[in-house]
Amino acid sequence: MAAPATTPQGATSRPAPPGGAPTLRRGSLSAADIAFFVISAAAPLTVMAGTSPVAIGAGGLGAPVGYLLAGATLALFAVGFTTMARHVRHGGGFYAFITRGLGRPAGFGAATLALVAYNGMQIGVHGLFATATQDALEAFWGVRVPWPPLAFAGIAVIWYLGYRSIDFGAKVLGVLLVAETGILVLLAGGVLLHGGAHGLAADSFTPAHVLVPGTGAVLAFAFAAFTGFESTAIYRREARDPARTIPRATYVAVAFLGLFYAFIIWIIVQAYGPDRIVAAALRDPSGLFFSATTRYVGAWATDLMHVFIVTSIVASQLAFHNAINRYALSLAQEGVLPAALGRVHPRNRSPYVAGAVQSLLAVLVVAGFAVAGADPYQQLLLWMNTPGMLGLLALQALTAAAVPLFFRRISHGEGLWRTRVAPIAAAVLMTGALGLVISKIDLMTAAPLATNTVLVLLVPAAFLLGLALSRRIRRTRPAVHAGFAAEPAESDGPDGPDGPDGPDGPEGADGPEAAGERTPAAPPRPAAPDHPADGP
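Cut-off values and rules
- Residues numbered from 1 in each chain as written.
- Predicted model: local features only at pLDDT ≥ 70, side-chain atom pairs only at ≥ 80, totals over all residues.
- Heavy atoms only, no water.
- Phe/Tyr/Trp six-rings, centres within 6.5 Å; stacked < 30°, edge-to-face > 60°.
- Buried < 20%, exposed > 50% of the residue type's maximum accessible area, 1.4 Å probe, protein only.
- Core = buried A, V, L, I, M, F, W, Y, C linked by side-chain atoms within 4.5 Å.
- Contact = heavy atoms within 4.5 Å.
- Helix = DSSP H or I, 4+ residues; strand = E, 2+ residues; numbered from the N terminus.
- Expected span 1.5 Å × (residues − 1).
- Polar contact = N/O pair within 3.5 Å; in protein donor to acceptor, adjacent residues only side chain to side chain.
- Axes fitted to C-alpha atoms, helices over the stretch in contact; angles between N-to-C directions.
- Parallel < 35°, antiparallel > 145°, perpendicular 65-115°, else oblique.
- Nonpolar A, V, L, I, M, F, W, Y, C, P; charged D, E, K, R; others polar.
- Patch = residues over 30% accessible without salt bridge, like charges linked within 9 Å, V, L, I, M, F, W, Y side chains within 5 Å.
- Areas by Shrake-Rupley, 256 points an atom, 1.4 Å probe, with all protein chains shown as cover.
- Salt bridge = Lys/Arg side-chain N within 4 Å of Asp/Glu carboxyl O.

A.B. asks: Would you take a moment to explain the packing of aromatic side chains for this structure?
C.D. replies: For any pair of aromatic rings, geometry is given as the distance between the ring centres together with the angle between the planes. In the structure shown here, the tally under the stated rule is 17 aromatic pairs. Ring plane angle 75° and centroid distance 5.0 Å describe the contact between F406 and F407, whose orientation is recorded as edge-to-face. F407 shares its class with F406; the two are buried. Every member of this aromatic cluster is reached through a ring pair, and the members are Y95, F108, Y118, F320, Y327 and F484.

A.B. asks: When you look at the nonpolar core in this model, what are you seeing that I'm missing?
C.D. replies: In globular proteins that are soluble, nonpolar side chains generally tend to be buried together. With 143 residues, the main nonpolar core has Y67, I268 and F289 as its most contacted residues. Apart from the residues within four sequence positions on either side, Y67 is in contact with M48, S52, A55, V218, F221, A222, A225, F226, G258, Y261, A262 and I265. Counting residues in each nonpolar core, the second largest holds 14 residues, with A130, L137, L150 and M384 among its members.

A.B. asks: Even after reading the chapter, I still don't get the environment of L465, so can you show me in this structure?
C.D. replies: Structurally, L465 is set in helix α19 (residues 449–476). A sequence separation of 352 residues divides L465 from L113, and the C-alpha atoms of the two residues are 8.5 Å apart.

A.B. asks: What is the right way to look at the environment of G174 in this model?
C.D. replies: Position of G174 among the secondary structure elements: in helix α8 (residues 166–194). Counting along the chain gives 139 residues from G174 to A35, while the straight-line C-alpha distance between them is 9.3 Å.

A.B. asks: Hey, could you run me through helix α11 (residues 242–272) in this one?
C.D. replies: The α-helix winds at 3.6 residues per turn, so residues separated by three or four positions along the chain end up facing the same way. Between the first and last C-alpha of α11 there are 44 Å, a value that for 31 residues agrees with the 45 Å anticipated at 1.5 Å per step. Of all 31 residues in α11, 23 are buried; the element is thus mostly enclosed.

A.B. asks: Would you explain the side chain of T399 in this entry?
C.D. replies: Within the fold, T399 resides in helix α16 (residues 376–408). T399 sits in the buried class, given a relative accessible area of 0%. Separated by 2.8 Å, the side chain of T399 and the backbone oxygen of L395 make a polar contact. Setting aside chain neighbours within four positions, we find T399 in contact with F77, F81, F94, F97 and I98.

A.B. asks: Can you walk me through the packing of helix α7 (residues 147–163) against helix α15 (residues 352–371) in this structure?
C.D. replies: Packed helix pairs are specified by the crossing angle of their axes together with the interaxial distance, meaning the distance between the axes. Where α7 meets α15, the closest approach of the two axes is 10 Å, and the angle between their N-to-C directions is 170°. When the axis of α7 is compared with that of α15, the two are roughly antiparallel. Note on element contacts: α15 touches α7 through Y352, G355, A356, S359, A362, V363, V366, A367, F369 and A370, opposite W147, P148, A151, F152, I155, W159 and Y163. Residues belonging to the contact of α7 with α15 are distributed by class as follows: 15 nonpolar, 2 polar and no charged.

A.B. asks: Would you take a moment to explain a nonpolar patch on the surface for this structure?
C.D. replies: Judged by side-chain polarity, F140, W141, V143 and V307 come together as a nonpolar surface patch covering roughly 380 Å² of accessible area. The topology assignment puts W141 in helix α6 (residues 104–141). According to the relative accessible area criterion, W141 is exposed, its value standing at 63%.

Here it is, written out as structure tokens:
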């Protein structure tokens, strides 16, 4: 592989794709499109109907505040995350950010952890898709279909949607997201019109119901409910005006999810009444939302909710599938993964080889669980999703820690709040959130201690695998190692080096003398390397 190219500003960059080779479709995604992807990954209807009853049972009336607190923490994380996104044009998401702040070894660790985490989230949800489809078929037609064929059918659907163009996927997700949020809004309207069970009250937001031992469990479920919102940055190469689109989509996603989650949980509290909600959530968590919908809207809406939970899961799977494919594409173009994974479909402009490989992996994992006689929910879903969710929380904490270190090494016009205060606070809070979720892991998996220990240890194991990969590539392919997470040679639109926003500055991933960034607020000056030394 050729040595990395050097930009006119002196920052190292990745070579552009060979002439004539198809690339991802640039400028095809608006802020709304990207927001649809990341909100869909969180699967709001599935989270509300599937896991929020357990959070209510554990935390009581104060559960809505737990989701607000989680949203506020992630909004704080978004401050540094989106600020750094304006200066890093690489499409590698988490691993590019972590490389720039913490060095290449940590970047390699982040890359392998991201692949493991996103695959765990996406593949595990095939178990949820199968069980939700089973329930819907039984409710409508009284037939019971074995879960493996349903899971394989879901894999085929997701593969096809990922194979199509990204704007086609955005349209599909837009429709599905409107459907799943619409049914919850319909429930909310019915509860509000009826005045709830005993009149509407704000008891959920009083300190007496928030400052209780069960709030820790609520927070654990709440942070898990936001999984996927951070994937805005990996769509950079397909976004319109990425310097503005990525931050807007990120803030829209976290604000919508935080406020919507809290509102809908408050609504379900009103539907049953403060004196009955906890008992109802403990007695029948899976039926909590369905029973309320039947009572306040009608049986027809409950039938729709069964259907929309299935489509909500499909939307979540597609969003994670697209995220995984773009991570694999980026790593293949880096020379880390096989070059074939870097191929882009000439017509659809989708990373179709990476998508096919991810779908094949899903088939193999699902088949393995099926042959072992595993339960699709208790084992396929929970055992795959748990390390995935923990991995994404760990990546968020590492990214927050990388932000202030990155901005120490370049000249820039960003304020202290965006580059130091908010990222450091977010790193502390995200690390605390990770520890909190681990401490409550038994509530999420209902598995024995030995199983939970293995699930938790998969996260550092994936990161350590990346560290080992970094050492091996540095020794055997030094040019690939030196160019890891380097800036793309080609401009990526209005915020690229030749766009109206001016040069993006010294975001090269390599080289001892990267030039300083030029901005109106800070004249050029020599800058230190844009990431720390790689170490031994």
